[in-house]
Amino acid sequence: MTKAPLEIRNRDARRLWLHAQGLSATPTGSLDLPGLIRGLGFVQLDSIRVVSRAHHHILWSRNQNYREPMLDKLMRKDRGIFEHFTHDASVIPMEFYPNWRRQFRRLEAKVRGWDWHRGMLDETGRNSIVDRIREEGPLSTKAFDTKVKGPREMWRRPPHKLALDYMWYAGELSTSHRDNFTKFYDLTDRVIPGHHREDEPPEQEQVDWLCRQALDRLAFGSEGDIQRFWDAADLAEVKDWAGQQTGLVPVRIEGTDGKWVSALAPADIETRLETAPAPTSRLRILNPFDPVIRDRARLQRLFGFDYRIEIFVPAAKRRWGYYVYPLLEGDRMVGRVEVKADRAAGTLSAERLWPEPGVAWTSARDARLEAELARFARLAGVDSVVRNKHLKLDLPSR
């Protein structure tokens, strides 16, 4: 007889997910940055800096002793991470490199099929770029001056930029470092240690590794969730993998709406349910690109939190604001806040606050927000927090 799926109530699902993503513990204590990134699997990079760029904020949310220069040191000097593409540009633990080899081939093939990438330099032109990098050291796109031919549509890139990106996707070039978020490309054999470059598990072992590592960090998820975690395998490959596993546990996850959805979980899911701690009661300002926020469907299902980042929404059509931060308290999303840093003036300004429906904005909760704003200001390197006097009254019409 087939065993019935294990049912996981909504609050337990939130507890498992927050623990798996490093948001259960109070974000203090000694900082193991390589271990922190390893636990997450990867950290997405983003150029927007309203207070601190997404990658820095994500790491700081898990240990508030983190400061912005630390990630650059880990990449540039220690070579503890490499940069490549998951669902977006991300930093990944260097020891994962051997199991990323097939992703280089996948993306190289995809790039060759993109219409907008066909204006890149030919093989001779690409070889000339490689020769310059070999002789001069790491170079950014600013070191080259090829021009776009034909109509100047907004999305078009100069041939050298397309060539650099193509060789980076294919693993022929690697990110040496970034200066003020500008990427510098170098020869892969000068960035990736030799023992990682020489180690390449068989393709099916790489797929197995990707799926297992994804599910471990998800705690539970559908085949689609597993595929989207790294976006380094096709859904058909993930389904084939899941069909061959005997240790996976079928589960049903309760959503905030009372509906149940089917998922898979690791073999130790019952132990995780028994041992995963309750999240800290500290109020946390999370980044819009945080792993817990990024999958909007999962966020809605588990927390009942309807979130959309509105950076690409015209100002007149925004419901909230350009860059609004979710607020996590314990295992609940209790609201969102608009915060901006002015580093020249040395201030962090809290502009608007929207508590979630049913959340009473008490003086105790407001004090927890005040404390988190002060900590957030330290990450940005500013001295003072300025609050709009009507901050907690700025409620949206619904």
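Anything mentioned here points back to the structure above.
Quantities reported herein were computed from a predicted structural model and do not represent experimental measurements.

## As for helix 2 (residues 33-40)
Turning to step 1, where the next piece is worked out: Burial in helix 2 covers these residues: L33, G35, L36, I37 and L40.
Turning to step 2, where the next piece is worked out: The backbone nitrogen of G35 lies 3.1 Å from a side-chain oxygen of the residue at the head of helix 2, namely D32.

## Details of helix 12 (residues 235-244)
In an α-helix, one turn spans 3.6 residues, which is why side chains three or four residues apart end up on the same side.
Turning to step 1, where the next piece is worked out: Residues of helix 12 that are buried include every one of V238, W241 and A242, and no others. Buried residues of helix 12, viewed axially, fall in a sector of 95 degrees; they line one side. Exposed residues lying more than 90 degrees from the buried face of helix 12 are A236, G243 and Q244.
Turning to step 2, where the next piece is worked out: On its buried face, helix 12 sits against helix 10 (203-218), helix 11 (223-230) and strand 8 (260-265).

## Describing the nonpolar core
Turning to step 1, where the next piece is worked out: Counting residues in hydrophobic clusters, the biggest one holds 97 residues, and the most contacted among them are F220 and W230.
Turning to step 2, where the next piece is worked out: Apart from the residues within four sequence positions on either side, F220 is in contact with A13, L16, W17, L215, V251, I253, L264, A265, R298 and L302.
Turning to step 3, where the next piece is worked out: Counting 18 residues, the second largest nonpolar core, distinct from the first, contains L139, F144, L164 and W168.

## A short note on the pairing of strand 4 (residues 89-93)
Turning to step 1, where the next piece is worked out: Among the five residues that make up strand 4, five are buried, leaving the element largely enclosed by the rest of the structure.
Turning to step 2, where the next piece is worked out: Pairing geometry for strand 2 (residues 43-44) and strand 4, over two bridges, is antiparallel. Note that in strand 4 the partner of V43 across the bridge is V91.
Turning to step 3, where the next piece is worked out: Sheet analysis places strand 3 (residues 81-85) next to strand 4, joined by five bridges and oriented antiparallel. Across the sheet, residue I81 finds its bridge partner in strand 4, namely P93.
Turning to step 4, where the next piece is worked out: Linking strand 3 back to strand 4 in an antiparallel pair, the connection comprises three residues.

## A closer look at the packing of helix 5 (residues 101-113) against helix 10
The relative placement of two packed helices is expressed as an angle between their axes plus a distance between the axes.
Turning to step 1, where the next piece is worked out: Where helix 5 contacts helix 10, the two axes come as close as 9 Å, and the packing angle between them is 100 degrees. One way to sum up the angle between helix 5 and helix 10 is to call them roughly perpendicular. Each of R101, R102 and R105 in helix 5 lies in contact with helix 10, whose residues at this interface are E203, Q206, V207 and L210.
Turning to step 2, where the next piece is worked out: Across the contact of helix 5 with helix 10, the residue classes break down as two nonpolar, one polar and four charged.

## With respect to the sheet that holds strand 8
Turning to step 1, where the next piece is worked out: The strand order across the open sheet formed by three strands is 1-7-8, and the pairing between neighbours is mixed. Looking at which strands have only one partner, the edges of the open sheet turn out to be strand 1 (6-8) and strand 8. Direction aside, neighbouring strands of the sheet carry axes that sit 35 degrees apart on average.

## Some thoughts on the side chain of E83
Turning to step 1, where the next piece is worked out: Along the polypeptide, E83 turns up in strand 3.
Turning to step 2, where the next piece is worked out: Here E83 falls in the buried class, since its relative accessible area comes to 4%.
Turning to step 3, where the next piece is worked out: A distance of 3.5 Å separates polar atoms of two side chains, one belonging to E83 and the other to T175.
Turning to step 4, where the next piece is worked out: If we skip the residues at most four places from it in the chain, E83 touches L45, M75, A89, S90, V91, W168, T175, R178 and K183.

## Section: the pairing of strand 8
Turning to step 1, where the next piece is worked out: Examined bridge by bridge, strand 7 (residues 249-254) and strand 8 share six bridges and lie antiparallel to one another. Bridging from a neighbouring strand, E254 pairs with W260 of strand 8.
Turning to step 2, where the next piece is worked out: Where strand 7 folds back on strand 8, the antiparallel hairpin that results is connected by five residues, among which G258 adopts a positive phi of roughly 85 degrees.

## Some points on the packing of aromatic side chains
Turning to step 1, where the next piece is worked out: Inspection of the entire model under this criterion finds 17 aromatic pairs.
Turning to step 2, where the next piece is worked out: Ring geometry for W168 and Y169: centres 5.3 Å apart, planes at 65 degrees, overall edge-to-face.
Turning to step 3, where the next piece is worked out: We classify W168 as buried; its relative accessible area is 3%.
Turning to step 4, where the next piece is worked out: Geometrically, the ring pair formed by F229 and W230 is edge-to-face, given 5.0 Å between the ring centres and 85 degrees between the ring planes. Residue F229 shares its accessibility class with W230, and that shared class is buried.
Turning to step 5, where the next piece is worked out: Three or more aromatic residues joined by ring pairs form one cluster here, namely F42, F96, W100, W209, F229 and W230.
Turning to step 6, where the next piece is worked out: Positioned above the aromatic ring of F181 is the side chain of R178, whose terminal nitrogen or guanidinium carbon lies 4.3 Å from the ring centre.

## Here we look at the environment of V339
Turning to step 1, where the next piece is worked out: Structurally, V339 is set in strand 11 (residues 332-342).
Turning to step 2, where the next piece is worked out: By relative accessible area, V339 is classed as buried at 0%.
Turning to step 3, where the next piece is worked out: Considering only alpha carbons, one finds V339 and L235, 104 residues apart in sequence, at a separation of 38 Å.
Turning to step 4, where the next piece is worked out: In this structure V339 touches V50, V51, Y325, L348, S349, A350, L373 and F376, once residues within four positions along its chain are discounted.

Each value, and the rule that gives it
- Residues numbered from 1 in each chain as written.
- Predicted model: local features only at pLDDT ≥ 70, side-chain atom pairs only at ≥ 80, totals over all residues.
- Heavy atoms only, no water.
- Buried < 20%, exposed > 50% of the residue type's maximum accessible area, 1.4 Å probe, protein only.
- Helix = DSSP H or I, 4+ residues; strand = E, 2+ residues; numbered from the N terminus.
- Polar contact = N/O pair within 3.5 Å; in protein donor to acceptor, adjacent residues only side chain to side chain.
- Arc of directions from axis to C-beta.
- Contact = heavy atoms within 4.5 Å.
- Core = buried A, V, L, I, M, F, W, Y, C linked by side-chain atoms within 4.5 Å.
- Pairing = 2+ DSSP bridges.
- Axes fitted to C-alpha atoms, helices over the stretch in contact; angles between N-to-C directions.
- Parallel < 35°, antiparallel > 145°, perpendicular 65-115°, else oblique.
- Nonpolar A, V, L, I, M, F, W, Y, C, P; charged D, E, K, R; others polar.
- Phe/Tyr/Trp six-rings, centres within 6.5 Å; stacked < 30°, edge-to-face > 60°.
- Lys NZ or Arg CZ within 6 Å of the ring centre and 35° of its normal.

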